Amino acid sequence: MIAAVQKAFESNFFYQFRRDPVAVGSASVLLIFVAMAVLAPLIAPQNPYDPLQIDLMDSEIPPVWQQGGDERFVFGTDPQGRDMWSTILYGTGISLLIGVFAVMLQAVMGVSMGLVSGYVGGRIDSFLMRLADIQLSLSTLMVAIIALAVFQAAFGAELYSDLAIVMLILVIGIAEWPQYARTVRANVLAEKEKEYVDAARVIGLSGRRIMFRHILPNTLTPILVISTVQVANAIVAEAALSFLGLGMPVNQPSLGSLIRNGFDYILSGQWWITVIPAIVLIILILAINLLGDWLRDALNPKLYKET
Amino acid sequence: MDTLAFLIKRLGQAAVVMLVISIIGFSIQDNLGDPLRELVGQSVSEEVRDELREEMGLNDPFFVQYWRFLTKAVQGDLGTSYFFKKPALEVIMGKFPATFELVLAATFIIIFVSVPVGIYCAIHPKSFFSRLAMAVSIVGISVPVFLTAIFSIYIFAIYLDWLPSYGRGDTVDLGFWRTGFLSLDGLSHLILPALALSSIMLPLFIRLIRGEMMEVLRSEYVRFAWAKGLHPSRVYLLHAFKNTLLPVITVGGVQVGTLIAYTILTETVFQWPGMGFLFLEAVNRVDTPLIIAYIIVVGLIFVITNTIVDLVYTMVNPMVRITGVKG
């Protein structure tokens, strides 16, 4: 175990990482965000879900550095009197949770379809790839908006707000599978021609075993690279959907619903309710995107190229 | 001949997509709420209800009902909006000009900014301006469109108080079309939403044009054009840029759906009285006919633009005529 860690520290990959200030910076920012989200119940001054800890008398207090600020509330409070810093800590957690789980769903669906498509080929391949083309051209956000709008209308707003987190993961997860399927397929097609696959086939291994145990490990690099960008996209999609009122409800806010919640007050001068969560969201997305860019350059995998 | 076969194939595909969308629309209508209750309310006895249900054909098999829905839809009858008490299609089309003008203005900005910037960045990749443009574009990709919209409202409408923050302003009625292009007030209302909508696509197209152009500039025929001693502007624009157009058109076609989705976000932030804003209102009011009408109209716009993009692509690229028929 220790040897493995030591080996990782001495590897070329880690050396490249250490040398690049942008990579180190964005990775640290991302780590801080994850730590903030995980430790939210411990470090947040107040639990924004607990009505007993919220006092309506504290509503709409500006951040400390502005006149009228209160040092109990570093980033001010929202119209319900909740501490912005606490809601942001919890909200980041919900945004990251939805992003990661949606991407896991995408990866499971996309990787298996890509493997089958590339390995089996023929009609199944052309059917799956045509499906992927149609799915991609429909645009994730459009599909998600319509699907969630219909669910919300069908379930009613009450029931929907309880199910929102599951629905968001399902919709964002299902809509983006082609990204993985195309990349994995392109890699499978290249790997399939290699000798180790022939060897495995000659020993008489089953197709499933060759696909998952032999080819899949060799396509992990591109999967890792697109996963970073996909998490960023999923978080943005979640924020956009919550902003439209189709995502997380106000009493269990993600970053997107915090922004929506504050948007009604921006015209009356309470800018911090919207702008602070918005800046947090932008920094989070930027960190993930920069890290993804660096990973792509460093690992230089064979990605699906649109032509 | 080849183009004709390609056209027929594309139209076939478009018809299939529209059929799927109509089935989705129909099943929504079937499952959201009880049309009988919307019509007569709660106070009618069970017998009268059964009679009415039979009369309206609600007991017919699924496919009979679906066929009825489809024939009506083809004739432009998508039901009556519960809220507006007017035909749903009429309500949607009344909002169409606002959305169309917003998209048109945004497309204008995208083309006239991304093409020159992309070409410049490809020709002078090391210059300060190119590096700046690339750095700004990665930040631009990371900022979601509704945040660009919110920030531009905060800066230009509230802080500086230069531009209006919501609505469409004065419009001029052309009889069949209410346009905001012809009045100064309408144009000033258009600036912020159009900028916000274009902001999300700009980085993508700048990067795409730059990448493709740099690849083309390294190719043999461009070097031959230089060797012939042609004027630089001729080499860059006629020889190189023309060939970067193909991937740009393809990606543009893929982005149509995304652009429609972003109009919903932009219209919500700026309270722009377009189709997307209307759709969200309809969702909140559970106005089923209006939801279905929006899905079908948007599906139709999407299919039509995609077919046009494909046709333009065949015209620009002679190779696709052969591959298009084979595959």
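Just so it is clear, the structure is predicted and the values come from calculations on it, not from any experiment. (Residues numbered from 1 in each chain as written. Chains lettered and ligands numbered in written order. Predicted model: local features only at pLDDT ≥ 70, side-chain atom pairs only at ≥ 80, totals over all residues. Heavy atoms only, no water.)

### Quick look at the overall build of chain A
Okay, step 1: Check the secondary structure of chain A and you find 14 helices and 0 strands.
Okay, step 2: Order of helices (α) and strands (β) in chain A, N terminus to C terminus: α-α-α-α-α-α-α-α-α-α-α-α-α-α.
Okay, step 3: When the backbone C-alpha atoms are referred to their principal axes, chain A occupies close to 75 × 50 × 35 Å.
Okay, step 4: The buried share of chain A, taken over its 307 residues, is 51%.
Okay, step 5: Summarising the internal contacts of chain A: among those between residues at least 6 apart in sequence, 72% fall at separations of at least 24.
Okay, step 6: Surface summary for chain A: the accessible area is close to 14600 Å², and the carbon and sulfur share equals 64%.
Okay, step 7: Across chain A, the centroid of the 19 positively charged side chains sits 17 Å from that of the 24 negatively charged ones. (Helix = DSSP H or I, 4+ residues; strand = E, 2+ residues; numbered from the N terminus. Buried < 20%, exposed > 50% of the residue type's maximum accessible area, 1.4 Å probe, protein only. Contact = heavy atoms within 4.5 Å. Areas by Shrake-Rupley, 256 points an atom, 1.4 Å probe, with all protein chains shown as cover. Lys, Arg positive; Asp, Glu negative; His and termini not counted. Charge placed at Lys NZ, Arg CZ, Asp CG, Glu CD.)

### Concerning the overall build of chain B
Okay, step 1: Summing up its helical and strand segments, chain B has 13 helices and 2 strands in all.
Okay, step 2: For chain B, the residues scored as buried account for 46% of the 327 residues in total.
Okay, step 3: Contacts spanning at least 24 positions in sequence make up 70% of the contacts within chain B whose residues lie at least 6 apart.

### What about unusual backbone geometry?
Residue and element names in this part refer to chain B.
Okay, step 1: One non-glycine residue with positive phi stands out, namely Lys85, at about 55°.
Okay, step 2: Mapped onto the fold, Lys85 is located in the loop between helix H4 (62–74) and helix H5 (88–123).
Okay, step 3: With a relative accessible area of 66%, Lys85 lands in the exposed category.
Okay, step 4: In this model, Gln271 sits at a positive phi of 45°, which is unusual for a non-glycine residue.
Okay, step 5: For Gln271, the location among the structural elements is in the loop between helix H10 (232–270) and helix H11 (275–284).
Okay, step 6: Judged by relative accessible area, Gln271 falls into the partly exposed class, the value being 39%.

### As for the layout of surface pockets
Residues and elements named next belong to chain B.
Okay, step 1: Its boundaries defined by the atoms lining it, the second largest pocket holds a volume of some 1000 Å³.
Okay, step 2: Every residue lining the second largest pocket is counted, 33 residues in all, and those nearest its centre are Val103, Thr107, Gly252, Val256 and Leu259.
Okay, step 3: For the lining of the second largest pocket, the elements supplying multiple residues, two or more each, are H5, helix H8 (184–217), H10, H11 and helix H12 (288–316).
Okay, step 4: If you tally residues by element for the lining of the second largest pocket, the top one is H10, at 11 residues.
Okay, step 5: When its residues are assigned to classes, the lining of the second largest pocket shows 24 nonpolar, 9 polar and no charged. (1 Å grid on protein atoms, 1.4 Å probe; cavity = no way out; pocket = protein on both sides within 12 Å on 5 of 7 lines; lining within 4 Å. Points joined across faces, edges and corners; volume = space filled by probe spheres on them. Nonpolar A, V, L, I, M, F, W, Y, C, P; charged D, E, K, R; others polar.)

### Points about the interface of chain A and chain B
Okay, step 1: Counting residues at the interface gives 39 residues for chain A, matched by 42 residues for chain B.
Okay, step 2: Of the roughly 3400 Å² buried between chain A and chain B on both sides combined, carbon and sulfur atoms contribute 81%.
Okay, step 3: It is Met142(A), Leu244(A) and Ile282(A) in chain A that bury the most area against chain B; as a group they hold 14% of the surface buried on that side.
Okay, step 4: Across the contact surface, chain A and chain B share 0 salt bridges.
Okay, step 5: Where chain A packs against chain B, one counts 0 residue pairs in polar contact (both at pLDDT 80 or more).
Okay, step 6: For the side of chain A that touches chain B, the class distribution of residues is 29 nonpolar, 6 polar and 4 charged. (Buried area = accessible area lost by both parts, 1.4 Å probe. Salt bridge = Lys/Arg side-chain N within 4 Å of Asp/Glu carboxyl O. Polar contact = N/O pair within 3.5 Å; in protein donor to acceptor, adjacent residues only side chain to side chain.)

### Examining the nonpolar core
Okay, step 1: Counting residues in each nonpolar core, the largest one holds 163 residues, and the members touching the most others are Phe146(B) and Leu147(B).
Okay, step 2: Among the elements that line this core, the one with the most residues is H10(B), at 15 residues.
Okay, step 3: In this view, Leu147(B) contacts Ile259(A), Ala278(A), Leu281(A) and Ile282(A); residues no more than four positions away in its chain are not counted. (Core = buried A, V, L, I, M, F, W, Y, C linked by side-chain atoms within 4.5 Å.)

### Thoughts on the packing of aromatic side chains
Okay, step 1: Enumeration according to the criterion identifies 9 aromatic pairs over all chains in this entry.
Okay, step 2: Each residue in the set Phe243(A), Phe263(A) and Phe146(B) is aromatic and connected to the rest through ring pairs, giving one cluster.
Okay, step 3: Stacked on the ring of Phe83(B), the Lys or Arg Arg285(B) has its end atom at 3.6 Å from the ring centre. (Phe/Tyr/Trp six-rings, centres within 6.5 Å; stacked < 30°, edge-to-face > 60°. Lys NZ or Arg CZ within 6 Å of the ring centre and 35° of its normal.)

### Let's talk about the pattern of salt bridges
Residues and elements named next belong to chain A.
Okay, step 1: One pass over the full model with this rule turns up 5 salt bridges over all chains.
Okay, step 2: Residues Arg185 and Asp125 are paired through a salt bridge, measuring 2.7 Å at the closest nitrogen-oxygen approach. Taken as a pair, Arg185 in helix H9 (residues 177–192) and Asp125 in helix H6 (residues 122–137) lie far apart in primary sequence, 60 residues in all.
Okay, step 3: Its relative accessible area of 11% is what places Asp125 among the buried residues.
Okay, step 4: Measuring nitrogen to oxygen at the nearest pair gives 3.2 Å for the salt bridge that ties Glu191 to Lys194.
Okay, step 5: Among the residues examined, Glu191 registers a relative accessible area of 10% and is labelled buried.
Okay, step 6: You can call Lys194 partly exposed: its relative accessible area is 40%.

### Quick word on the confidence of the model for chain A
Okay, step 1: Here chain A shows a mean pLDDT of 82. Residues at 70 or above account for 91%.
Okay, step 2: Within chain A, the element-level pLDDT minimum falls on helix H1 (residues 2–10) of chain A, averaging 69, and the maximum on helix H5 (residues 84–120) of chain A, averaging 90. (pLDDT = per-residue confidence, 0-100.)

### Side note on the environment of Pro63(A)
Okay, step 1: The residue Pro63(A) is located in the loop between helix H4 (40–43) and H5 in this model.
Okay, step 2: Along the primary structure Pro63(A) and Gly81(A) are separated by 18 residues, whereas in three dimensions their C-alpha atoms are 13 Å apart.

### Quick word on H6(A)
Okay, step 1: For H6(A), which comprises 16 residues, the first-to-last C-alpha distance of 23 Å matches the rise-based estimate of 22 Å (1.5 Å per residue) to within 8%.
Okay, step 2: Regarding H6(A), the residues found buried are Asp125(A), Leu128(A), Met129(A), Ala132(A), Gln135(A), Leu136(A) and Ser137(A).
Okay, step 3: Where H6(A) is buried, its residues meet H5, helix H7 (140–155), helix H8 (157–175) and H9 of chain A together with H10 and H12 of chain B.
Okay, step 4: The first or second residue beyond H6(A) is Ser139(A), which carries a positive phi of 70°. (Expected span 1.5 Å × (residues − 1).)

### Section: a nonpolar patch on the surface
Okay, step 1: Together, Leu300(B), Ile304(B), Ile308(B), Val312(B), Met315(B) and Val316(B) give the surface a local cluster of nonpolar side chains, amounting to about 520 Å² of exposed area.
Okay, step 2: Given a relative accessible area of 60%, Met315(B) falls into the exposed group. (Patch = residues over 30% accessible without salt bridge, like charges linked within 9 Å, V, L, I, M, F, W, Y side chains within 5 Å.)

### Notes on H8(B)
Okay, step 1: With 34 residues, H8(B) should cover 50 Å at 1.5 Å per step; its first-to-last C-alpha distance of 43 Å lies more than 12% under that length.
Okay, step 2: The largest bend in H8(B) is about 40°, located at Ser199(B), with the proline Pro203(B) one to four residues further on. (Bend = angle between axes of the 7 residues up to and from the residue.)

### A short note on the packing of helix H3 (residues 21–38) of chain A against H5(A)
Residues and elements named next belong to chain A.
Okay, step 1: One can describe the packing of H3 onto H5 by two numbers: an axis separation of 8 Å at closest approach and a directional angle of 105°. Comparing the axis directions of H3 and H5 gives the class roughly perpendicular. Across the interface between the two elements, Phe33, Val34, Met36 and Ala37 from H3 touch Trp85, Leu89, Thr92, Gly93 and Leu96 from H5.
Okay, step 2: Broken down by class, the residue content of the contact of H3 with H5 amounts to 7 nonpolar, 2 polar and no charged. (Axes fitted to C-alpha atoms, helices over the stretch in contact; angles between N-to-C directions. Parallel < 35°, antiparallel > 145°, perpendicular 65-115°, else oblique.)

### Considerations on the confidence of the model for chain B
Residues and elements named next belong to chain B.
Okay, step 1: Taken over all residues, the pLDDT of chain B has a mean of 80, while the share at 70 or more is 89%.
Okay, step 2: Of all secondary-structure elements in chain B, the lowest mean pLDDT belongs to helix H13 (residues 320–326), at 46, while H5 reaches the highest, 88.
Okay, step 3: With pLDDT under 50 throughout, residues 321–327 is counted as low confidence; its partners more than four residues away or in other chains account for 10 contacts.
Okay, step 4: Among the prediction metrics, the complex's ipTM stands at 0.77, with pTM recorded as 0.82.

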